[in-house]
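Topology and contacts: notes
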Amino acid sequence: MKLFNTMTRYKEDFKTMVPGHVKMYACGPTVYNYFHLGNARPFVTFDTLRRYLEYSGYEVEFCQNFTDIDDKMIKRANEEGVTVEEIADRYIKEYYVDADGLNVKRPTYQPRATKSMDAIIGLVQALTDKGYTYVIEGDGVYYDVSKKADYGKLSHYKLDELAAGGGERGASYQGKKNPGDFALWKFKKDGEPSWGSPWGEGRPGWPIEGSAMIKQYLGDTIDIHGGGQDL
């Protein structure tokens, strides 16, 4: 069996760390609305891969998360006058209706970001201890992409070509050391849910959630990470 290796850009023989056992993660939905056809494509794709691996005799540990805290969810909750948790509960329930309709098999683990806060905070702290982060006052804790010499080797983006994205994933250029830096922990604003941390009350930035849940449920190293190029 061959799989496309994003880093090398070649199809390579698939070899697992432990013979006969696959650890696999795929990014799940941000549950602020029903998922659409474009969202469904990766759900079906990685479910198909998981099923084929099992058919081929592998034991598969498959983790797919729910992002249940982000800017879009807070905006939706404020518009409807309900809590972010209520929005999450509603659309997680609807996710299963549609995923079951597509015959998508339930993952081994399907954690919610808000239920993995200790793991998220622990990972941000580990990056901070290694000198990879900095604080923008009134904004949050950011990852400094210039600190990693080979940053971009998976996506093949070059640092001088990166531009900040919109919303939570890119934030603004103001106060950032590099355009490609991104928020790991966002400080609390009025009307937002928050959790305590060594840096103050706040919530995780979107990019750190998946890495923390991988570490929590599958360990430090996995065989397959499925998702968009930005992941």
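These numbers were taken from a predicted model, which means no experiment stands behind them.

Turning our eyes to something else, we now look at a nonpolar patch on the surface. Together, Met1, Tyr52 and Tyr55 line one region of the surface with nonpolar side chains, adding up to about 390 Å² of accessible area. Turning to its location among the elements, Met1 is positioned in the segment before strand S1 (2-5). A relative accessible area of 42% places Met1 in the partly exposed class.

In this section: the packing of helix H2 (residues 71-80) against helix H3 (residues 84-101). Contact geometry of H2 with H3 gives a least axis separation of 8 Å together with a crossing angle of 105 degrees. Put simply, H2 runs roughly perpendicular to H3. Facing Met73, Ile74, Arg76, Ala77 and Glu80 of H2, the residues of H3 in contact are Val84, Ile87, Ala88, Arg90 and Tyr91.

This part is about the sheet that holds strand S8 (residues 202-204). One open sheet holds the four strands; their spatial order is S5-S6-S7-S8, and the pairing between them is antiparallel. Only two strands of the sheet have a single partner each, and these edge strands are strand S5 (133-136) and S8. Taking each pair of neighbouring strands and ignoring which way they run, the sheet shows an average axis angle of 25 degrees.

What follows concerns the pairing of S5. In this sheet, strand S6 (residues 140-143) lies alongside S5 in antiparallel orientation, the contact comprising four bridges. Counterpart to Tyr134 in the pairing with S6 is Tyr142. Where S5 folds back on S6, the antiparallel hairpin that results is connected by three residues, among which Gly138 adopts a positive phi of roughly 75 degrees.

So, about helix H6 (residues 206-217). When we look at burial in H6, the residues that qualify are Trp206, Ile208, Glu209, Gly210, Ala212, Met213 and Ile214. Just beyond H6, the residue with positive phi is Gly219, at close to 105 degrees.

Caution applies to low-pLDDT parts of the model: their predicted coordinates are not meant to be read in detail. The share of residues in the protein chain with pLDDT of 70 or more is 93%, and the mean pLDDT across the chain is 91. At the level of individual helices and strands, the protein chain shows its lowest average pLDDT in helix H5 (residues 167-170), which scores 47, and its highest in strand S4 (residues 59-64), which scores 98. Taken as a whole, residues 164-171 scores under 50 in pLDDT and shows 21 contacts with residues more than four places along the chain or in a different chain.

What counts as what
- Residues numbered from 1 in each chain as written.
- Predicted model: local features only at pLDDT ≥ 70, side-chain atom pairs only at ≥ 80, totals over all residues.
- Heavy atoms only, no water.
- Patch = residues over 30% accessible without salt bridge, like charges linked within 9 Å, V, L, I, M, F, W, Y side chains within 5 Å.
- Areas by Shrake-Rupley, 256 points an atom, 1.4 Å probe, with all protein chains shown as cover.
- Salt bridge = Lys/Arg side-chain N within 4 Å of Asp/Glu carboxyl O.
- Helix = DSSP H or I, 4+ residues; strand = E, 2+ residues; numbered from the N terminus.
- Buried < 20%, exposed > 50% of the residue type's maximum accessible area, 1.4 Å probe, protein only.
- Axes fitted to C-alpha atoms, helices over the stretch in contact; angles between N-to-C directions.
- Parallel < 35°, antiparallel > 145°, perpendicular 65-115°, else oblique.
- Contact = heavy atoms within 4.5 Å.
- Pairing = 2+ DSSP bridges.
- pLDDT = per-residue confidence, 0-100.

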